[in-house]
Amino acid sequence: MRTAACLDRMAPYLFAQIDAKRDALRAQGADVISLGIGDPDTPTPPHIVEAMAAAIRKPENHRYPDYAGSLAYRTTCADWMRSRFGVEVDPEREVLALIGSKEGIAHLHTAFVDPGDWVLAPSIGYPVYSGGATLQSANTFFMPMREEDGFLADFAQVPADVLAKAKIMFLGYPNNPTGACATEGYFDTAIAFCLEHDLLLAHDNAYCDICFDGYRAPSILERPRAKECCIEFFSLSKSYNMTGWRIAFCCGNEAAVQALGMVKNNLDSGQFAAVQDAAIAALSGDQQCVADLCALYRRRRDLVVEALRAIGLSCDAPRATIYVWAKVPAGETSESFATKLLVRAHVIVTPGSGYGPGGEGYVRISLTTPDDRLLEAVRRIKETMA
């Protein structure tokens, strides 16, 4: 049998490769510490689990859900946008339930991108931005990102011939994997650029709640004229430790939301209504659980940054996200250093090159590991470097 030609251009998914390497070493009896994948190690807050337990017993939740998401869930998302950001969105036309933001981001390509078109993606970013384009037999232009520019994607460098065939520009701040945060002025410039060139601006805001040191991440929809060209993606995965629940939403430009909804109408049947009820409890309930989570990650961030600097690895203390972005030692590449740590220390870190061409020379370290294991991982890294 013959697979689609686009699969021949598709690199193996980074995190699936990491899982396979971890499992192979563990099968050999190795004590592997994974600092690779951003999967929270603490459980979903009890009040959300209890809401799910009640919702799953409701017979009405056992039927097909509303394709766009229950109106109750979409209204809760709109209420959360208002209370969190002061942004008004119509729950019926400008909000769409997603089966995780990864799914929504991938399907956005299906709604807007034709074979041969271009997508603009950060040169360091979530792999699905470019992977979704590949699956549509489209092309990706990686916008340069440099440490000296605060890892803000430089869309001014996009060539005119690419812009002529570009459909979507992806941004994500707070940024995975660098932890970089964007300014209001940067968002304003990005919006003006997309309006000028008739681009959909897709902003991935999955880490907006995981912030430290008084920083409060914004929504791009707070900015003037944003709704004319922006769709924004939010996830409950990191804010509420709900990665496995697969629940998220997008909101913003009505035409974009409706186009994505049309794709989903034809490709999936919506998220289980009981999960949506649990998400309502998360978004509308006591947010102390989010504050507690931020405190946990801030402590781990400080622990890891201090330890890495002590062994000679250069890294900044991020103001947001659940990652530390560190430079590899001189003479190493992202992949060679990650492989050395895996083989010699049985510590998994993610090579920065897996996030795009701008990530070469860095590794990403996830903070979703208990403190004692984080310290043990750093101790092993230090021994490997000695």
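Structure first, text after, so check above.
Residues numbered from 1 in each chain as written. Predicted model: local features only at pLDDT ≥ 70, side-chain atom pairs only at ≥ 80, totals over all residues. Heavy atoms only, no water.

Moving on, we get to the nonpolar core. By size, the foremost hydrophobic cluster in this structure holds 106 residues, and its most contacted members are Tyr73, Met81, Leu120, Met169, Tyr173 and Tyr240. The greatest single-element share of this core, amounting to 11 residues, is contributed by helix H11 (residues 288-310). Excluding residues within four positions of it along the chain, Tyr240 makes contact with Thr44, Pro45, Ile48, Trp80, Ala282, Leu283, Gln287, Cys289 and Val290. By size, the runner-up hydrophobic cluster in this structure holds 23 residues, among which are Val119, Ala121, Val128 and Val257. (Core = buried A, V, L, I, M, F, W, Y, C linked by side-chain atoms within 4.5 Å. Buried < 20%, exposed > 50% of the residue type's maximum accessible area, 1.4 Å probe, protein only. Helix = DSSP H or I, 4+ residues; strand = E, 2+ residues; numbered from the N terminus. Contact = heavy atoms within 4.5 Å.)

Moving on, we get to the sheet that holds strand E6 (residues 200-204). The sheet built from 7 strands is open, its strands ordered E2-E8-E7-E6-E5-E3-E4 with mixed pairing. Edge positions in the sheet fall to strand E2 (95-98) and strand E4 (139-143), since each of these pairs with one other strand and no more. With strand direction ignored, the average angle separating the axes of adjacent strands in the sheet is 20°. Pairing analysis gives 4 bridges linking strand E5 (residues 166-171) to E6, with the strands arranged parallel. (Pairing = 2+ DSSP bridges. Axes fitted to C-alpha atoms, helices over the stretch in contact; angles between N-to-C directions.)

Moving on, we come to the pattern of salt bridges. Counted under the stated rule, the structure contains 26 salt bridges. One salt bridge in this structure joins Asp31 and Arg373, with 2.7 Å as the shortest N-O distance. Here Asp31, found in the loop between helix H2 (14-27) and strand E1 (33-34), pairs with Arg373, found in helix H13 (residues 371-385); they are 342 residues apart in sequence, far enough to count as distant. Arg373 sits in the partly exposed class, given a relative accessible area of 25%. One salt bridge in this structure joins Arg82 and Asp79, with 3.0 Å as the shortest N-O distance. Of this pair, Arg82 and Asp79 both sit in helix H4 (residues 71-85), separated by 3 residues, roughly a single helical turn. Among the residues examined, Arg82 registers a relative accessible area of 37% and is labelled partly exposed. With relative accessibility at 36%, the residue Asp79 sits in the partly exposed group. One salt-bridge network, in which partners are shared between bridges, spans Asp31, Arg373, Glu376, Arg379, Arg380 and Glu383. (Salt bridge = Lys/Arg side-chain N within 4 Å of Asp/Glu carboxyl O.)

Turning to the packing of aromatic side chains, a few remarks are in order. Overall, the coordinates contain 15 aromatic pairs when judged by the stated rule. Ring geometry for Tyr126 and Tyr129: centres 5.9 Å apart, planes at 80°, overall edge-to-face. Both rings, one in Phe234 and one in Phe249, keep their centres 5.2 Å apart while their planes meet at 20°; by these two values the pair is stacked. A residue pair is termed long-range when its members are at least 10 positions apart, and Phe234 in strand E7 (residues 230-235) and Phe249 in strand E8 (residues 248-252) qualify at 15 residues. Phe249 shares its class with Phe234; the two are buried. Taken together, the ring pairs in this structure connect Phe155, Tyr173, Tyr186, Phe187 and Phe193 into an aromatic cluster. (Phe/Tyr/Trp six-rings, centres within 6.5 Å; stacked < 30°, edge-to-face > 60°.)

What follows concerns the side chain of Thr134. For Thr134, the position within the fold is in helix H6 (residues 128-135). With near-sequence residues (within four places) excluded, Thr134 lies in contact with Cys6, Arg9 and Met10.

With that settled, the discussion passes to the side chain of His107. Secondary-structure assignment places His107 in helix H5 (residues 101-112). Those residues in contact with His107 that lie beyond four places of it in its chain are Leu260, Val263, Lys264, Leu267 and Asp268.

Time to look at the packing of helix H12 (residues 334-345) against H13. Where H12 contacts H13, the axes come no closer than 10 Å and their chain directions differ by 105°. Here H12 lies roughly perpendicular to H13, going by the angle between them. Residues Phe337, Lys340, Leu341, Arg344 and Ala345 of H12 pack against Arg380, Ile381, Thr384 and Met385 of H13. Looking at the contact of H12 with H13 residue by residue, the class counts come to 5 nonpolar, 1 polar and 3 charged. (Parallel < 35°, antiparallel > 145°, perpendicular 65-115°, else oblique. Nonpolar A, V, L, I, M, F, W, Y, C, P; charged D, E, K, R; others polar.)

Residue placement: Leu267 occurs in helix H9 (residues 254-267). Take Leu267: its relative accessible area is 53%, and that puts it in the exposed class. The spatial distance from the C-alpha of Leu267 to the C-alpha of His107 is 9.2 Å, given a sequence separation of 160 residues.

Turning to the pairing of E4, a few remarks are in order. Bridging between strand E3 (residues 118-122) and E4 involves 5 bridges; their strand directions are parallel. When the sheet's bridge partners are listed, Ala121 is paired in E4 with Phe142.

Attention shifts here to the sheet that holds strand E11 (residues 350-351). The antiparallel open sheet is built from 3 strands, whose spatial order is E9-E12-E11. Both outer strands of the open sheet, strand E9 (323-327) and E11, are each paired with one neighbouring strand and no more. Across 2 bridges, E11 lies against strand E12 (residues 362-366) in antiparallel orientation. Along E12, the bridge assignment pairs Thr350 with Arg364. Its contacts with the sheet place H11 against E9 and E12, and it is angled at close to 10° to E9.

Let us now look at the environment of Pro224. Tracing the backbone shows Pro224 in the loop between E6 and E7. Separated by 170 residues in the primary sequence, Pro224 and Ala54 place their C-alpha atoms 41 Å from one another. With residues up to four places along the chain from it excluded, the contact list for Pro224 reads Asp188 and Ile191.

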